[in-house]
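# Structural overview for review
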Amino acid sequence: MMLATDQNPDEHGITPRARQFLALRESVMERWEREVRARVEGAATLLRPVLTNTLPAFFDNIGEALSAEHPRRNATSSNNSAAVHGGERARMTSYGPDQVVHEYQILR
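What counts, and where the lines are drawn
- Residues numbered from 1 in each chain as written.
- Predicted model: local features only at pLDDT ≥ 70, side-chain atom pairs only at ≥ 80, totals over all residues.
- Heavy atoms only, no water.
- Helix = DSSP H or I, 4+ residues; strand = E, 2+ residues; numbered from the N terminus.
- Buried < 20%, exposed > 50% of the residue type's maximum accessible area, 1.4 Å probe, protein only.
- Contact = heavy atoms within 4.5 Å.
- Phe/Tyr/Trp six-rings, centres within 6.5 Å; stacked < 30°, edge-to-face > 60°.
- pLDDT = per-residue confidence, 0-100.
- Axes fitted to C-alpha atoms, helices over the stretch in contact; angles between N-to-C directions.
- Parallel < 35°, antiparallel > 145°, perpendicular 65-115°, else oblique.
- Left-handed = near helix turned anticlockwise from the far one by under 90°.
- Nonpolar A, V, L, I, M, F, W, Y, C, P; charged D, E, K, R; others polar.
- Polar contact = N/O pair within 3.5 Å; in protein donor to acceptor, adjacent residues only side chain to side chain.

Below, the discussion takes up the environment of Ser-27. Mapped onto the elements, Ser-27 comes out in helix 2 (residues 25–39). On the basis of relative accessible area, Ser-27 is assigned to the partly exposed category, the value being 43%.

Here it is as structure tokens:
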């Protein structure tokens, strides 16, 4: 699975609660994938790397943002992973903006 470009392998500044959140990434992403494939038009035919794209990195960024000791203020600070996900959808699929929004609603 894809990792953030600003990786933090030592989990510097990550609180125990955020570590618990990050430990759920695989199960959350698997459930998200199932739900998106079932509920978002056009998602069922996408290969997994195209479908998940930058969302695992975005998930990691959320975990970092949950840690007061980590310098990331929010999941999108100092990165463009969320925007890249939408841009990849526009370039690599026949998705419309509403389908990208639906994906994020399901992730939420």
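Still more to cover.
On to unusual backbone geometry, then. Glycine aside, a negative phi is what most residues show, and trans is what most peptide bonds show. Positive phi, normally seen in glycine, also occurs at Asn-53, with a value near 50 degrees. Within the secondary structure, Asn-53 sits in the loop between helix 3 (48–52) and helix 4 (55–65).

A few words on the environment of Glu-69. One can find Glu-69 in the loop between helix 4 and helix 5 (81–92). Between the C-alpha atom of Glu-69 and that of Ile-14, which follows or precedes it by 55 residues, the distance is 6.7 Å. If near-sequence neighbours (up to four positions away) are discounted, Glu-69 is found in contact with Gly-13 and Thr-15.

A few words on the packing of aromatic side chains. All told, the structure shown has 2 aromatic pairs when counted by the stated rule. Both rings, one in Phe-21 and one in Phe-59, keep their centres 4.3 Å apart while their planes meet at 5 degrees; by these two values the pair is stacked. With Phe-21 in helix 1 (residues 16–23) and Phe-59 in helix 4, this pair connects stretches of sequence that are 38 residues apart.

Next up on the list: the confidence of the model for the protein chain. Of all residues in the protein chain, 79% have pLDDT values of 70 or greater, and the mean over the chain is 80. Mean pLDDT values over the elements of the protein chain span from 74, in helix 5, up to 96, in helix 2. The model gives residues 1–5 a pLDDT under 50, and that stretch makes 15 contacts with residues more than four places away or in other chains.

The next thing to look at is the packing of helix 2 against helix 6 (residues 97–107). Remark: helix 2 packs on helix 6, axes separated minimally by 10 Å, with the N-to-C direction vectors making an angle of 140 degrees. One way to sum up the angle between helix 2 and helix 6 is to call them oblique. Relative to helix 6, helix 2 is oriented so that their crossing is right-handed. Taking contact as the criterion, the partners of Val-28, Trp-32, Glu-35, Val-36 and Arg-39 in helix 2 are, on helix 6, His-102, Glu-103, Ile-106 and Leu-107. Here the contact of helix 2 with helix 6 is built from residues that sort into 5 nonpolar, 1 polar and 3 charged.

As a further point, take the side chain of Asp-60. Tracing the sequence through the fold places Asp-60 in helix 4. Side-chain polar atoms of Asp-60 contact the side chain of Arg-25, separated by 2.8 Å.

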